[in-house]
Amino acid sequence: MTKKEKSSQTDPKIRRQRQVLFGGGLFLLGLLLIISFVSYSLNWKEDYSSLESFFDRSVPAKNILSKVGALVSHLFIYKGVGLASLLFPYLLCSSGFKLFFDRNIEKILSNWSWGISHIIWLTIFLGYLFSSDPIYCGIVGYELNLILKTYVGEIGVLAILIFFFMCFVVIQLKWTPENIQLWWEKLWNKKNKTENLNENFGESIPVDSSQNEIEKNSSETFKNSKEKIKEKFFEKHLLKTDELVMEVETAKEEETLDDKIANDLIKKQGFFDPTLELSKFKMPNLDLLKNYGESGIKINQEELEANKNRIVETLNNYKIGISNIKATVGPTVTLYEIVPDAGIRISKIKSLEDDIALSLSALGIRIIAPIPGKGTIGIEVPNQNPTVVSMRSVITSTKFQNAEMELPVALGKTISNETFVVDLVKMPHLLMAGATGQGKSVGLNAVLTSLIFKKHPAEVKFVLVDPKKVELNIYSKIERHYLAKLPDTEDAIITDNTKVINTLNSLCIEMDNRYELLKNAMCRNIKEYNLKFKQRKLNPKDGHNFLPYIILVVDEFADLIMTAGKEVETPIARLAQLARAIGIHLIIATQRPSVNVITGIIKANFPARIAFRVASKIDSRTILDSGGADQLIGRGDMLYTQGNELTRIQCAFVDTPEVESISSFVGGQTGYSQAHLLPEYSGEENNSSIEIDPSERDSLFREAAEVIVTAQQGSASLLQRKLKLGYNRAGRIIDQMEAAGVVGPFEGSKARQVLISDLTTLNRLLDDQL
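Residues numbered from 1 in each chain as written. Predicted model: local features only at pLDDT ≥ 70, side-chain atom pairs only at ≥ 80, totals over all residues. Heavy atoms only, no water.

On to the overall build of the chain, then. Per the secondary structure count, the chain includes 28 helices and 16 strands. Taken over 770 residues, the chain has a buried fraction of 46%. Sequence-distant contacts in the chain: of pairs separated by 6 or more residues, those separated by 24 or more amount to 68%. Approximately 41100 Å² of the chain is accessible, and the part contributed by carbon and sulfur atoms is 55%. (Helix = DSSP H or I, 4+ residues; strand = E, 2+ residues; numbered from the N terminus. Buried < 20%, exposed > 50% of the residue type's maximum accessible area, 1.4 Å probe, protein only. Contact = heavy atoms within 4.5 Å. Areas by Shrake-Rupley, 256 points an atom, 1.4 Å probe, with all protein chains shown as cover.)

Turning to the sheet that holds strand β13 (residues 608-611), a few remarks are in order. Judged by pairing direction, the sheet is mixed, and its nine strands sit side by side in the order β7-β6-β15-β14-β13-β8-β12-β11-β9 without closing on themselves. The sheet is open, and its two borders are formed by β7 (419-423) and β9 (460-465), each paired with just one other strand. Across the sheet, the mean angle separating the axes of adjacent strands is 30° when strand polarity is ignored. Sheet analysis places strand β6 (residues 408-414) next to strand β15 (residues 647-651), joined by three bridges and oriented antiparallel. Looking at the pairing, Thr-414 lines up with Ile-649 of β15. Helix-sheet contacts for helix α16 (residues 440-454) involve β6, β8 (430-433), β9, β11 (549-554), β12 (584-590) and β15, and the interaxial angle to β6 is about 130°. (Pairing = 2+ DSSP bridges. Axes fitted to C-alpha atoms, helices over the stretch in contact; angles between N-to-C directions.)

Let us now look at the nonpolar core. Ranked by size, the top nonpolar core spans 112 residues in total, and within it Phe-462, Phe-557 and Tyr-640 carry the most contacts. By residue number, the principal contributor to this core is helix α18 (residues 497-521), which donates nine residues. With near-sequence residues (within four places) excluded, Phe-557 lies in contact with Val-568, Ile-572, Ile-588, Ala-589, Thr-590, Val-597 and Ile-602. One finds Leu-315, Ile-322, Leu-360 and Ile-367 within the second-largest nonpolar core, a separate group that totals 23 residues. (Core = buried A, V, L, I, M, F, W, Y, C linked by side-chain atoms within 4.5 Å.)

Quick look at the packing of aromatic side chains now. Going through the model one piece at a time under the given rule, you end up with eleven aromatic pairs. Here the aromatic rings of Phe-37 and Phe-76 are separated by 5.6 Å at their centres, their planes lie at 55°, and the arrangement is tilted. In this pair, Phe-37 is assigned in helix α2 (residues 12-52) and Phe-76 in helix α3 (residues 66-81), connecting sequence segments 39 residues apart. The class for Phe-37 is buried, based on a relative accessible area of 2%. Following the ring pairs from residue to residue traces out a cluster consisting of Trp-121, Phe-125, Phe-165 and Phe-168. (Phe/Tyr/Trp six-rings, centres within 6.5 Å; stacked < 30°, edge-to-face > 60°.)

Look at the link from Met-427 to Pro-428: it is a cis peptide, with omega at -5°. Positionally, Pro-428 belongs in the loop between β7 and β8. Unusually for a residue other than glycine, Lys-469 sits at a positive phi of about 70°. With respect to the secondary-structure elements, Lys-469 resides in the loop between β9 and α17 (479-482). The class of Lys-469 is exposed, set by a relative accessible area of 52%. Phi angles above zero are rare outside glycine, and Arg-536 is one such case at about 60°.

A separate point is the confidence of the model for the chain. The predicted coordinates ought not to be read in detail in places where the model reports low pLDDT. Taken over all residues, the pLDDT of the chain has a mean of 80, while the share at 70 or more is 82%. The model gives residues 3-10 a pLDDT under 50, and that stretch makes five contacts with residues more than four places away or in other chains. Counting contacts from residues 232-240, a segment whose pLDDT is below 50, to residues more than four positions away or on other chains yields 20 contacts. (pLDDT = per-residue confidence, 0-100.)

So, on to the pattern of salt bridges. Tallying each qualifying case throughout the model produces 20 salt bridges. Two residues, Asp-555 and Lys-468, come together in a salt bridge whose shortest N-O distance is 3.6 Å. Residue Asp-555 is located in the loop between β11 and α20 (557-564), and its partner Lys-468 is located in the loop between β9 and α17; the two are separated by 87 residues in the primary sequence. Here Asp-625 and Lys-603 are joined by a salt bridge, their closest N and O atoms 2.8 Å apart. You can see Asp-625 sitting in the loop between α23 (617-624) and β14 (637-641) and its partner Lys-603 sitting in helix α22 (residues 600-604), a full 22 residues away along the chain. Given a relative accessible area of 49%, Asp-625 falls into the partly exposed group. Using a relative accessible area of 18% as the deciding quantity, one classes Lys-603 as buried. One salt-bridge network, in which partners are shared between bridges, spans Arg-366, Glu-380, Asp-637 and Arg-648. (Salt bridge = Lys/Arg side-chain N within 4 Å of Asp/Glu carboxyl O.)

The next thing to look at is the pairing of β15. Counting buried positions over the five residues of β15 gives four, a clear majority of the element. By the bridge criterion, four bridges tie β14 to β15 in an arrangement that is antiparallel. Bridging across to β15, Asp-637 finds its partner in Gln-650. Two successive antiparallel strands, β14 and β15, enclose a turn made up of five residues, where Gly-643 displays a positive phi of approximately 95°.

On to a nonpolar patch on the surface. There is a patch of nonpolar side chains on the surface, built from Ile-116, Ile-120, Val-140, Leu-144, Ile-147, Tyr-151, Val-152, Ile-160, Phe-163 and Phe-164 and spanning about 920 Å² of accessible area. Listed by contribution, the elements that provide at least two residues to the nonpolar patch are α5 (108-129) and α6 (134-172). No other element matches α6, which puts eight residues into the nonpolar patch. When you line up the elements, Val-140 lands in helix α6. Val-140 sits in the partly exposed class, given a relative accessible area of 35%. (Patch = residues over 30% accessible without salt bridge, like charges linked within 9 Å, V, L, I, M, F, W, Y side chains within 5 Å.)

Right under this line is the structure:
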């Protein structure tokens, strides 16, 4: 072979020319075949005789392609596979088209393999239906059908045909029951949207007042008294309820990713270096979250119209005119935006909150006067049939999947049906409050679920404090993946108050250690530090390592304050003030948002706050510094603020079985050898019980010791009551008892433990010490 011939074979221009010619030839051949087949189906009886004298030119054929067309069609249709032969021209034309235009050439072989399979199935199927006439199925289909019937019978042939048809539908078309249901729901949603758009509910608002009418009315009433002029003006100038048309703004259904795409995005998390130890770890998939059906909002036109009429009627009763009204429908609440007439005081509308609630017969009415950034006044009215905001819908939203945040948290959906995603790093700490049963625990689960779905175990660790002992124990299965704890402790979920104090102080030590690492690495925050570590600019031999984010979650803060007081508040305040830069973030939840629980020090360091429904305006002001939380409707309805305006959100609902499924999925995978260990902290013992000479004991020491042992309560206040002592003397006696071994050490606000069980043992102990 010459060099010229070799170059011609490898020249892409020559290869492309041959491809175009070959593709065009295949396309023309397919067209000729289809013309021949159609002509044969019309003239096959007349052309049959011409086939017997094929070489006799005196015998004509009626086929458009004459004798060759009649012969080829006869071989394909009658002698071959019958009507299934029509697929051959399709395969030739499609292959020629792809070659000619250089599109999807790699799929040509796959198309031919599927096409031959369809031809074989179709010819057998036609033979099964028309077993008496081979013109439909061809001789090949007729014989194959007879052979199959001989061995498996008619029912067996039918079963084989059904099975291979299912293979075609499932494998090639990918019609699974789940996909069919999803397509049907999308089609149904599209149909509902089209019907809603065809309604005339969103037309512009006509105003029936004109300048000529006002001048005419003014001239007619000029002679009347001043009171009659005012009444006449309001009768003519105010819009009647039926004449005010409300514009309805349908909340846009947020774009969600296909389940497969979302799962792929979920799996693409983190960098290689920190996740290398658990490189085979799989992020949770969406199948673990429950699908509550369509996430779109159903608009009840009758409900909107009735609410609009009542709002306008109530305002008209107080001589408040409206020039415009618009409704934005959310998952649980509809926002009615009104534009009052000129000269109307906003405070006058704000004062009618209770009257509007009475006229609408609804709870949770909230008036926003004015709406920040808009020249309107908002009236939030709960929907009669609220929509469930599932955790699955917010996790699959593009806003969460594409969030470029360090610690993205999907809280739920706003009143405009948009997924609300915030970055915990920028909060940097979160305070949650609300009455019992209003959604705090679900809110905590939504925060933890968001982070588990988004972050690798090497990137984030949780310190879970659960004084109630039953709310967060479902996360115990992920101990070796996501949890952090003190050394030499069995349970990673902290329920004992003493361990809580030790853990908080351990986190303070961790904070100081991390600041030392940042100082040595010349970094300002954990993000810069970890980036340097990943780029191998920091030497592990110098003590540097990758620092995961640590998130402290406290489910019931009020209980800790009641039992431990300052011992808890001090390290919490220190962490809140300093820990944000080194990646330690706090999430604190409480049922009682009172001032002795949420103190000024805590509020000053928790700018991000979430308020579920509370009992009173005082509680609302304690948590949010403003009212509104007392007017929520419960069941996950919440207000969020980060130091600026309030945002009303419907919290995403994640049920306990869903959280258990996620924990089991994560816990079932290979994890670290143990939970992430925090620095050791040895609790500072109360050393006030110094050695005291028995001769220096109080004169009432023995009598006081008998009182304490008899009551089995080591309390100074008990001695004050029983022996009528002052507080200082009772306190000194208690210290002397600790030195003598009668009572245990100081335990905060709790009474000391009594170490002696009866008076006989007490007398023996005291006599031995003399």
